[in-house]
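Breakdown of the fold
Single-letter residue listing:
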Amino acid sequence: MTTAPWNFNEPCCTRLGDPRLGDPRLGDDDDKDRRGGNSVDVSTRTKPKTKRPSLYKVLMLNDDYTPMEFVEFVLQRFFNMGQDRAHGIMLTVHNKGVAVVGVYPFEIAETKVTQVMDCARSNQHPLQCTMEKE
Ligand code: TYC
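Describing the site of the ligand
What surrounds the ligand is the set Met60, Leu61, Asn62, Asp63, Thr66, Met68, Val71, Met90, Val93, His94 and Leu127. Between Leu61 and the ligand, the recorded distance is 2.8 Å, taken from a backbone N or O atom to an oxygen atom. Within the backbone of Thr66, a nitrogen or oxygen atom sits 2.9 Å from a nitrogen atom of the ligand. Coverage of the ligand by the protein amounts to 89% of the 350 Å² it exposes when considered alone. When residues of the shell around the ligand are traced back to their parent elements, those giving at least two are β1 (55-61), α2 (68-79) and α3 (83-96).

Observations concerning the sheet that holds strand β2 (residues 98-105)
On the basis of which strands lie adjacent, the open sheet formed by three strands has the order β2-β1-β3 and antiparallel pairing. This sheet does not close on itself; its edge strands, each paired only once, are β2 and β3 (128-133). Across this sheet, the average inter-strand angle for adjacent strands is 30 degrees, counted without regard to direction. Pairing between β1 and β3: six bridges, direction antiparallel. Within β3, the residue paired with Lys57 across the bridge is Glu132.

Describing the nonpolar core
Met60, Leu75 and Phe79 are the most contacted members of the largest nonpolar core, which has 25 residues in total. Here Met60 is in contact with Val74, Leu75, Phe79, Val93, Gly97, Val98, Ala99, Val101, Val116, Leu127, Gln128 and Cys129, once residues within four sequence places are set aside.

What counts and how
Position numbers for residues count from 1 along each chain, tracking the sequence in the order it is written. Only residues with pLDDT of 70 or above have their local features reported here, since the model is predicted, and side-chain atom pairs are shown and tallied only from 80 upward, although totals for entire chains, interfaces and linings are computed over all residues. For the side-chain quantities, the full set of heavy atoms in the structure was used; hydrogens and water were omitted. By convention in this text, a residue qualifies as near a molecule or strand provided that one of its non-hydrogen atoms is within 4 Å of it. Think of a polar contact as two N or O atoms within 3.5 Å of one another; within protein, one of them needs to be a possible hydrogen donor and the other a possible acceptor, and neighboring residues in sequence only count if both atoms come from side chains. Areas reported as accessible are Shrake-Rupley estimates using a 1.4 Å probe. Residue values count occlusion only from the protein chains shown. The way it works is that DSSP assigns letters per residue, a run of H or I at least four long becomes a helix, a run of E at least two long becomes a strand, and they are numbered from the N terminus. Strands are treated as partners if at least two bridges between them are detected by DSSP. An axis is simply a line fitted to the C-alpha atoms; with a helix, the fit covers only the stretch in contact. Between two such axes, the angle follows the N-to-C directions and lies from 0 to 180 degrees. Think of a nonpolar core as a cluster: buried Ala, Val, Leu, Ile, Met, Phe, Trp, Tyr and Cys residues, connected wherever their side-chain atoms sit within 4.5 Å. Think of it in three bands: with a 1.4 Å probe and only protein chains considered, a residue is buried below 20% of the maximum accessible area for its type, exposed above 50%, and partly exposed in between. Note on contacts: a residue pair is in contact if any heavy atoms of the two residues lie within 4.5 Å.

Shown next as structure tokens:
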């Protein structure tokens, strides 16, 4: 195994020094283009175009009426938590008023909020769930 960070077999390296091929490090239109006109160097983009998506926190809010067991059920069902973690997070919301229950890209966070709100509404609980940019 080689530890060198370059590869001598790469075409650009095998071409180096071959007079028939020219030096690939040099452009072939330094001052004039092939039709004899002036040309302008265009800088090449080195940064990849892809950007990581912004992340959003999904927050669960406390209220006085939603049963604790229902909150635990929601946390297990929609946030893939085990019983112990769901119980712990539910108690945090109960005691502090709010807790982050997950962090996701926008569409996933939005889906989680909708799922929780729909589930709470159809079970007639006032549980509130919201999201905010991280
Ligand atoms: N405070 C509620 C109760 O005492 C329990 C609860 C916990 C409600 C978390 C909402 O997001 C919540 N029954």
